[in-house]
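Observations on the model geometry
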Amino acid sequence: KIVGDMLSSENQYRENLQKVITTYSEPLKKWHLHKVSHETLFGGIPSLMQLSESLITELEYALSRWNPEKTSIGGIFCRHKDFWDSFESYANSYTSAAQLLKEKRVHDSSGFTTYVDSLRGNSVHTLESLLLVPNQRLP
């Protein structure tokens, strides 16, 4: 049950990362957001996405072959040292991303705010809330 819950949680997390990419990152790149600004906002997301997908694959495998007396999932997390490094790196860069978003919303006259709000559409999630998701996650 617990491993199934972990897998479900990881799938939801991956979906949120995918929303960042498809709803905001890719369209803003096409909109010609300055490369440095794009990297500041979204640079850590691809590595977090890759690690999430790897964890999902390994958790699914462990769950499909589950033996309560022999199966262990601790090794999955130990094998992914880069998993922890990616979270730390993202957390360290999040302040810069949040500050950049705030500045763009207040001082940018290029239509950034209007465009970002239009990308959101009917979604519950703002760009700010989706960028915060990795910091709220305790891997």
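The rules behind the values
- Residues numbered from 1 in each chain as written.
- Predicted model: local features only at pLDDT ≥ 70, side-chain atom pairs only at ≥ 80, totals over all residues.
- Heavy atoms only, no water.
- Helix = DSSP H or I, 4+ residues; strand = E, 2+ residues; numbered from the N terminus.
- Buried < 20%, exposed > 50% of the residue type's maximum accessible area, 1.4 Å probe, protein only.
- Phe/Tyr/Trp six-rings, centres within 6.5 Å; stacked < 30°, edge-to-face > 60°.
- Axes fitted to C-alpha atoms, helices over the stretch in contact; angles between N-to-C directions.
- Parallel < 35°, antiparallel > 145°, perpendicular 65-115°, else oblique.
- Left-handed = near helix turned anticlockwise from the far one by under 90°.
- Contact = heavy atoms within 4.5 Å.
- Nonpolar A, V, L, I, M, F, W, Y, C, P; charged D, E, K, R; others polar.
- Salt bridge = Lys/Arg side-chain N within 4 Å of Asp/Glu carboxyl O.

Things to note about the overall build of the chain
For the chain, the count of helices and strands is seven helices and zero strands. Ordered by position from N to C terminus, the α and β elements of the chain give α-α-α-α-α-α-α. When the backbone C-alpha atoms are referred to their principal axes, the chain occupies close to 60 × 30 × 20 Å. Split into buried and exposed, the 139 residues of the chain put 35% on the buried side.

Topic: the packing of aromatic side chains
Under the definition given, this model contains three aromatic pairs. With a centroid separation of 6.2 Å and 25° between ring planes, the pair formed by Tyr13 and Phe87 is classed as stacked. A residue pair is termed long-range when its members are at least 10 positions apart, and Tyr13 in helix 1 (residues 2-30) and Phe87 in helix 5 (residues 81-107) qualify at 74 residues. Each member of the pair, Tyr13 as well as Phe87, carries the same accessibility label: buried. Relative to Tyr115, the ring of Trp31 has its centre 5.2 Å away and its plane inclined at 10°; by these criteria the two rings are stacked. Taken together, the residues Trp31 in the loop between helix 1 and helix 2 (35-42) and Tyr115 in helix 6 (residues 112-120) connect sequence positions 84 residues apart.

Let's talk about the packing of helix 1 against helix 7 (residues 127-136)
Following both chains from N to C, one finds helix 1 and helix 7 inclined at 135°, their axes separated by 10 Å at the closest point. Put simply, helix 1 runs oblique to helix 7. Crossing of helix 1 over helix 7 shows left-handed handedness. Of the residues in helix 7, those touching helix 1 at Tyr13, Asn16, Leu17, Lys19, Val20, Tyr24 and Leu28 are Leu127, Leu130, Leu131, Val133 and Pro134. Within the contact of helix 1 with helix 7, the residues separate by chemical class into ten nonpolar, one polar and one charged.

Topic: the pattern of salt bridges
Here the idea is simple: oppositely charged side chains can pair when their charged atoms come close. In total, this model carries three salt bridges according to the counting rule given. Note that Arg79 and Glu58 form a salt bridge whose closest N and O atoms lie 2.7 Å from each other. Taken together, the positions of Arg79 in the loop between helix 4 (74-78) and helix 5 and Glu58 in helix 3 (residues 45-64) put the pair 21 residues apart, joining distant regions of the chain. Assessed through its relative accessible area of 56%, Arg79 is described here as exposed. Between Arg105 and Glu128 there is a salt bridge, with its nearest N and O atoms 2.6 Å apart. With Arg105 in helix 5 and Glu128 in helix 7, the pair connects residues that are 23 residues apart, well separated along the chain.

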